[in-house]
Amino acid sequence: MSSYKMETKCIQSGYEPGNGEPRVLPIYQSTTFRYTSSEQMGRLFDLEESGYFYTRLQNPTNDAVAAKICDLEGGAAAMLTSSGQAANFYAIMNIVQAGDHIVCASALYGGTYNLYAHTIKRMGVEATFVDPDCTKEELDAAFQENTKAVFGETIANPALVVLDIEKFADAAHAHGVPFIVDNTFATPINCRPIEWGADIVTHSTTKYMDGHAACVGGAIVDSGNFDWDAHAEKFPGLTTPDETYHGIVYTKKFGKGAYITKATAQLMRDLGSIQAPQNAFLLNIGLETLHLRVPRHCENALAVAKYLQSHEKVAWVSCPSLPGDKYYDLAQKYMPNGTCGVITFGLKGGREAAVEMMDKLKMVAIVTHVADARSCVLHPASHTHRQMNEQELMEAGVQPDLIRFSVGIENVDDIIADVEQALL
Ligand SMILES: *Cc1c(COP(=O)(O)O)cnc(C)c1O
C-alpha cells in the first residue's frame, strides 16, 4: 500500500513510468507477449516465474488499474474482471465447491441475488439470506458446518441498507470464514471495508469508478488478512496441492497473494471473464477523478433528498446521509463524509404515480444504469428486479413503489427543476 492520501492514489497509484516511457498508462492492445527462451515460457506456465504471456491471464494495463484499486482499498492484491457480476461470481467460486454454503445479507443488487440464490445453487452451492439488520444471534444461526463465506454490500443497491460491517466481519471470523463486501456504491472514497474487518472487497467498476457509463467492468481486492491455513480443512483449494500446476500450494507459494493468484490462475484461465485492456484504460481515467466526483454526487443527492422530503406528493425518501434515515447512524459510523449519489423515494400515488412521474422527466433519463455522471432513474420492481416476486422484493428491501434516483453531478438546481416539473 502506498502512503499517499486518497486523492493522490486516484491519480498516481498503479503505474509509474520509467525513463522515456509514456506518462499516461498505455493500452497493451496485445493478446500475447514474446519470449526468447522456450524454457522461460514454460516456467511462466508453471507459475514458477511471474510475467505476461496471454492476456486472458494477465495484461499490464489491467494489472496497473487493479493495483490502483488495490491501493485505494488498502488491499494486498487485486484483479480486474469483465463485470461486477464476474467479480462477485469469482470471489465466491474461488473458495467454494459443490456441497458448500454461504451466508449473504438479503439486501443485494438484483443480479447478485439471482447469482447466489439460483445460479450457484445449480452448481451445488447453497446460500442462506439473512436480514442485514438481524441480531448477532440470528446471524450466528445462519452458519452451517459447510459455510465457506459471508457476503454483503456496503450500501445495498437499491435498498440503500447500510451494512453493519463489523457485525458481519465478526460473525464470519468467529466461524472461521472470510467476509466479502461489495463496495460498489460507497467506493473507497467513502468507505474502506478492509479497515472495518472485511477480508475481500468486490466492485462493479461500471458504476462510480468508471463514472461515465462508458464500460462494464469489475474488480476483486484481497486484504491478504484472512488466514486460510488456520482453517485449512475448509479451504483445500488454497491449502492443498493444485495438480493443474504441478502440485503448488497457493498459500505456501504466494502468501498474501494466494487468493488472487488462485482466482487468476484457475478461474480466469478456465472461465475467461477478462476486462478488455481498452476498458481498463477508460476505467483508469475515471478513477483519476473519483475523489472529485463522489463528494459532488453525495452533496447533490442529499440536496435532492431534502427537496423530495418536503414535497407534498412524496410519501417517503431514503438516503442514508439524511438525518432521521433508518441507516443514518450506521452511515455516520462507516462513511461520515457521505454515502453515495443514489437515493430512493416513493410517491403518495404509489406505483402508477411513479411510472407517470418518471415518464415526465426531461433531463433525468430512464436507464438501467446507475451511479454515473448523468442523473437517471429506474423503477426496480418493473426493471432490474422484475424477476422477483413480491416477497423476494420485500426481502431485498425493494418496495413496489420505489423509484431509484441516481443523482448525477450536473448543477443541482437543474436536477431539482426537472423533478419539480415532473411532479406537477
Ligand atoms: C451493478 C452492480 C453489480 C453488477 O455489476 P455489473 O458490472 O453490472 O456486472 C454488482 N453489485 C452492485 C452493488 C452493483 O450495483
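The name recorded for the protein in an unreviewed UniProt entry is O-acetylhomoserine aminocarboxypropyltransferase/cysteine synthase, from Faecalicatena faecalis. Looking at the Sequence similarities (unreviewed entry) heading of the UniProt record, one finds this comment for the protein: "Belongs to the trans-sulfuration enzymes family." Annotation of the protein in UniProt includes, under Cofactor (unreviewed entry), the sentence "pyridoxal 5'-phosphate".

### Let's talk about the packing of aromatic side chains
For the coordinates displayed, the defined rule picks out 14 aromatic pairs. For the ring pair F226 and F235, a centre distance of 5.8 Å and an interplane angle of 85 degrees mean the geometry is edge-to-face. Each of the two residues, F226 as well as F235, counts as buried. Cluster of aromatic residues (ring-pair linked, three or more members): F226, W228, F235 and Y259. The residue whose ring lies beneath K207 is Y109, and the NZ or CZ to ring-centre distance is 5.0 Å.

### Concerning the domain arrangement of the protein
Per the domain assignment, the segments making up the protein are domain 1 (6–286) and domain 2 (291–422). The C-alpha-based centres of domain 1 and domain 2 are spaced at 28 Å. Each side of the interface is counted separately: domain 1 has 39 residues, and domain 2 has 38 residues. Interface of domain 1 and domain 2: buried area, both sides summed, is about 3,200 Å²; carbon and sulfur atoms make up 63% of it. On the domain 1 side of the contact with domain 2, L160, N190 and Y208 bury the most area, a combined 23% of that side's loss.

### Here we look at helix α17 (residues 412–422)
Of the residues making up α17, those classed as buried are V412, I415, I416, D418, V419 and A422. Taken around the axis of α17, the buried residues stretch over an arc of 155 degrees, which confines them to a single face. Of the surrounding secondary structure, the elements contacted by the buried residues of α17 are α13 (290–309), α15 (350–360) and β12 (403–406). By the N-cap criterion, in which a side-chain oxygen at the helix start approaches the backbone nitrogen of a residue two or three places on, α17 is capped by N411, the distance to D413 being 2.8 Å.

### Topic: the site of the ligand
N157, D182, S204, T206 and K207 are the nearest of the 16 residues found near the ligand. Within the side chain of N157, one N or O atom sits 2.8 Å away from an oxygen atom of the ligand. A distance of 2.6 Å separates an oxygen atom of the ligand from a polar side-chain atom of T206. Across the complex, the protein chains shield 93% of the 380 Å² of accessible surface that the ligand would expose by itself. It is helix α4 (residues 84–93) that provides the largest number of residues to the shell around the ligand, a total of 3 residues. Grouping the constituent residues of the shell around the ligand by class yields 3 nonpolar, 10 polar and 3 charged.

### Digging into the state of the cysteines
In total, this model carries 0 disulfides according to the counting rule given. Considering cysteine sulfurs only, C298 is the nearest to C10, which forms no disulfide, with 13 Å between them. Looking at the unpaired C319, the closest cysteine sulfur is the one in C340, lying at 7.4 Å. Accessibility expressed as a relative area gives 1% for C319, which makes it buried.

Parameters and conventions
- Residues numbered from 1 in each chain as written.
- Predicted model: local features only at pLDDT ≥ 70, side-chain atom pairs only at ≥ 80, totals over all residues.
- Heavy atoms only, no water.
- UniProt positions renumbered as here; feature names shortened; annotations may be inferred.
- Phe/Tyr/Trp six-rings, centres within 6.5 Å; stacked < 30°, edge-to-face > 60°.
- Buried < 20%, exposed > 50% of the residue type's maximum accessible area, 1.4 Å probe, protein only.
- Lys NZ or Arg CZ within 6 Å of the ring centre and 35° of its normal.
- Domains from an automatic or database assignment.
- Contact = heavy atoms within 4.5 Å.
- Buried area = accessible area lost by both parts, 1.4 Å probe.
- Helix = DSSP H or I, 4+ residues; strand = E, 2+ residues; numbered from the N terminus.
- Arc of directions from axis to C-beta.
- Polar contact = N/O pair within 3.5 Å; in protein donor to acceptor, adjacent residues only side chain to side chain.
- Near = heavy atom within 4 Å.
- Areas by Shrake-Rupley, 256 points an atom, 1.4 Å probe, with all protein chains shown as cover.
- Nonpolar A, V, L, I, M, F, W, Y, C, P; charged D, E, K, R; others polar.
- Disulfide = S-S within 2.5 Å.

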